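# Summary of structural features
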Amino acid sequence: MTLRIYNTLSRKKEDFQTLKPGKVGIYLCGPTVYKHAHIGHMVGPVIIDTIARYLKYNNYEVKFVNNITDIDDKLINKATELNTTVEKLATDMTQDYFQNLETMGVDTITDFPKATDYIQEMLDIIQSLIEKGNAYPLDGDVYFSAESDPNYGSLSGRKIEEMIAGTRVEANDKKKNPADFALWKRSREGEPAWDSPWGPGRPGWHIECSAMSRKLLGDSFDIHGGGLDLMFPHHENERAQSECCTGKNYVRYWVHNGLMQASDAPGKVGGQHDRHGDVVVDQEAQEADKLSGSKGAASVKELFAIHPPELVRLFLLSTHYRSPIAFSNENIQETGKGIEGFYRFFETFERITGESFYNLPTSEKREHSVSLEGTPAEYFQQLSELRQRYLEAMDDDFNTGGAIGVLFELRSTLNALIHEQKLDSEGKQNQPMVEALKSGACLLKELSNLLGVFRKASKKEPEADDGLANQLMELVLEIREEARASKNWDIADKIRDGLAACQITVEDRPEGSLWRRG
RNA sequence: GGCGCCGUAGCCAAGUGGUCUAAGGCGGCGGAUUGCAAAUCCGUUAUUCCCCGGUUCGAAUCCGGGCGGCGCCUCCA
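Notes on the structure follow.

Thresholds, definitions, all that
- Residues numbered from 1 in each chain as written.
- Chains lettered and ligands numbered in written order.
- Predicted model: local features only at pLDDT ≥ 70, side-chain atom pairs only at ≥ 80, totals over all residues.
- Heavy atoms only, no water.
- Helix = DSSP H or I, 4+ residues; strand = E, 2+ residues; numbered from the N terminus.
- Buried < 20%, exposed > 50% of the residue type's maximum accessible area, 1.4 Å probe, protein only.
- Contact = heavy atoms within 4.5 Å.
- Areas by Shrake-Rupley, 256 points an atom, 1.4 Å probe, with all protein chains shown as cover.
- Pairing = 2+ DSSP bridges.
- Axes fitted to C-alpha atoms, helices over the stretch in contact; angles between N-to-C directions.
- Phe/Tyr/Trp six-rings, centres within 6.5 Å; stacked < 30°, edge-to-face > 60°.
- Salt bridge = Lys/Arg side-chain N within 4 Å of Asp/Glu carboxyl O.
- Core = buried A, V, L, I, M, F, W, Y, C linked by side-chain atoms within 4.5 Å.
- Expected span 1.5 Å × (residues − 1).
- Disulfide = S-S within 2.5 Å.
- Parallel < 35°, antiparallel > 145°, perpendicular 65-115°, else oblique.
- Nonpolar A, V, L, I, M, F, W, Y, C, P; charged D, E, K, R; others polar.

## Quick word on the overall build of chain A
Of regular secondary structure, chain A possesses 16 helices and 16 strands. Buried positions account for 50% of the 518 residues belonging to chain A. Taking the contacts inside chain A whose residues are at least 6 apart along the sequence as the reference set, 74% of them involve residues at least 24 apart. Counting every atom, chain A has about 24600 Å² of accessible surface; 49% of that belongs to carbon and sulfur.

Spelled out as structure tokens, the structure:
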């Protein structure tokens, strides 16, 4: 088993080799906490969480850092607009972010550093860069000199000259070179400020990540994640300043996820920066577009009101993480139809074994994967192969889409076992086959848990399920059962059709009728 | 204008030199089962991977050229 991972730096898949054997350091650029998160903000965390799960499964000890940017121009502006303080806004939005992560099942993150707790570390790096001639102070600001880094542009594949040619912004007349970027920004009256050798100010955007990752993961670490849109300028600048400061290789593997896009309109979710050729669309139109939410930029909470979080997670993982993913309620619903089949299987499983799928024991380590010994040969073969294919998919640059395909096949295999052995009816006492089913279900649980799904029962309608509804349904089904017993199909079907109109599906089984919503 | 990504069935999507006469899902069709359904199972649904050339014994996969979609170049995940 060789784990392979695509590295943006080399634009190739590479064998995964950590800096320290058995340990992985991961840094993921986190949100600027000035507004509620939208679904696009969840893509990176869900993907890196899945990668972290898989690495842990492969016996790595994972340190996963996800920063919180709690000082930034956007925060300052938004706080002013809302007539609140930067601190208050940041605290509230950080809470919102944490809640969203929890709902999405992202729980492998070990550290959440806040930018404002690392000002000293940033100042140290800036100071060191000035001393080495990679940065220069200018009127209370400090700029990084892009030209001073011979490797500048290696990550994004851009050359400094080309960047200058492509610059549309009014070139900052003060900077030595338009490609230079701010490490430290002088604060104006009333803005948050920290003392520095260059006067009161606040850190530039890129320096935060360099400082926090260095402090928590060291000068060099293994994986740096983030959206494709951060590759330039953010990651390029981060890499440049870190490497110029430490003289060491900053990151071994750069992992960039594709952006979520609205499927019915061009541009990424949350609004794009429109530019047709050289024509820059005016700012106002862009803002209106973003605020309208018409591109699917609804907050994560609004989305969860429509779709179960587990479904959203599976939807995000159903395509390869480097590909863009088209967001639309229709697309999510289609995934939803697929996920229903798993829920049906879990119900059937419980009916046969009397055990809840969610309580099955699983292994969180590849080397202790569920044993299939004792499983009848024909199923042993199939289950082993499916496990093999799942692991091969994941080993190959975390191909979650391929892995999910295997999960569906695994489900079909188990349903076929149930069907062939009649486990859901007279064959219930067939102990060897029931054991085989349990082993297979354990495997399904182990593999799906790696993707962060089917870990615990997801209540589709937690509030709606009051006792009254259950009582009424019991009564209705009893009446229908009597009608069926006397072959009064008209009445029986009328009841069933009527329930269907109320979004209730009735399923007649030999041992009685079942019902469910949806 | 510069840099980069992508184009696989009705739809979503995996596969990036032979095991591909191309996973899996949704949808469709046929069958088993059922009073009829639902759920489940079985079978079927692309001789072909945007188009045109080329490299190769061999290409969806590599190269060149088109056409089409998208991203970045603006402190956006």
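So, next bit.
## Brief notes about the sheet that holds strand β8 (residues 201–203)
Ordered in space as β5-β6-β7-β8, the four strands form an open sheet in which the pairing is antiparallel. Strands at the two margins of the open sheet, each flanked by one partner only, are β5 (135–138) and β8. Shown here is a sheet whose adjacent strand axes are inclined to one another by a mean of 20°, direction ignored.

## Some words on the packing of aromatic side chains
Scanning the model with the defined rule gives 22 aromatic pairs in all. Here the aromatic rings of Phe221 and Tyr250 are separated by 5.2 Å at their centres, their planes lie at 80°, and the arrangement is edge-to-face. Of this pair, Phe221 sits in strand β9 (residues 221–227) while Tyr250 sits in the loop between α7 (231–246) and β10 (251–257), placing them 29 residues apart in sequence. Phe221 gets classed as buried once you look at its relative accessible area, which sits at 1%. Since its relative accessible area comes to 2%, Tyr250 is described here as buried. Residues Phe345 and Phe349 carry aromatic rings whose centres are separated by 6.2 Å and whose planes lie at 40° to one another, so their mutual orientation is tilted. Here Phe349 and Phe345 lie together in helix α11 (residues 329–353), a separation of four residues that amounts to about one turn.

## With respect to the pattern of salt bridges
Under the defined criterion, the tally for this structure stands at 39 salt bridges. As a salt-bridge pair, Lys78 and Glu81 come within 3.6 Å of each other at their nearest N and O atoms. Highlighted residues: Lys78 and Glu81, both in helix α2 (residues 73–82), separated by three residues, approximately one helical turn. Classification of Lys78 as partly exposed rests on a relative accessible area of 24%. Among the ionic pairs, Arg455 bridges to Asp107, the shortest N-O distance being 2.5 Å. Of the two residues, Arg455 is situated in the loop between α14 (431–450) and α15 (467–485) and Asp107 in the loop between α3 (86–103) and α4 (119–131); the sequence distance between them amounts to 348 residues. In this structure Arg455 comes out as partly exposed when scored by relative accessible area, which is 27%. A single network of salt bridges, built from pairs that share partners, joins Arg351, Asp424, Glu507, Arg509, Glu511 and Arg516.

## Thoughts on the sheet that holds strand β3 (residues 23–28)
The strand order across the open sheet built from four strands is β4-β3-β9-β10, with neighbouring strands paired in parallel fashion. A single partner strand is all that each edge strand has here, and the edge strands are β4 (61–66) and β10. Each neighbouring strand pair of the sheet contributes to a mean axis angle of 20°, computed without reference to strand direction. The sheet contact formed by β3 and β9 spans three bridges and is parallel. Across the sheet, the residue bridging to Ile26 is Ile223, located in β9. Each of β9 and β10 is contacted by α7, which is oriented at about 160° to β9, the strand it contacts most.

## What to know about the nonpolar core
Counting 135 residues, the largest nonpolar core has Leu55 and Tyr390 as the members making the most contacts within it. The residues contacting Leu55, other than those within four sequence positions of it, are Leu3, Phe16, Val24, Ile26, Tyr60, Val62, Ile223 and Phe398. Ranked by size, the runner-up nonpolar core spans six residues in total, among them Met473, Leu477, Ile495 and Val506.

## A few points about helix α13 (residues 400–420)
A rise of 1.5 Å per residue sets the reference length of α13, with its 21 residues, at 30 Å; its end C-alpha atoms lie 30 Å apart and thus fit the reference within 8%. The secondary structure elements touched by the buried residues of α13 are α1 (40–57), α10 (309–317), α11, α12 (377–395) and α14. Downstream of α13 by a residue or two, Lys422 has a phi angle that is positive, lying close to 50°.

## What about α14?
Compared with an ideal rise of 1.5 Å per residue, which puts 20 residues at 28 Å, α14 spans 29 Å between its outermost C-alpha atoms and is within 8% of the ideal. With 17 of its 20 residues buried, α14 lies for the most part within the structure. At the C-terminal side of α14, Gly452 shows a positive phi close to 85°.

## Quick word on the state of the cysteines
As used in these notes, a disulfide is a covalent bond between sulfur atoms, one from each of two cysteines. Enumeration over the complete set of coordinates arrives at zero disulfides. The thiol sulfur of Cys209 is not disulfide-bonded, and the nearest other cysteine sulfur, from Cys29, lies at 3.9 Å. The buried category is assigned to Cys209, whose relative accessible area is 2%. Cys244 takes part in no disulfide bond, and the closest cysteine sulfur to it belongs to Cys245, at a distance of 8.8 Å.

## Structural notes on the packing of α2 against α3
Contact geometry for α2 and α3: axes closest at 9 Å, N-to-C directions at 105°. In terms of orientation, α2 and α3 fall into the roughly perpendicular class. Contact with α2, carried on its side by Leu75, Ile76, Lys78, Ala79 and Leu82, involves Val86, Leu89 and Ala90 of α3 and no other residues of that element. When grouped by side-chain class, the residues that make up the contact of α2 with α3 number seven nonpolar, no polar and one charged.

In short, shape yes, function no, at least from these values alone.
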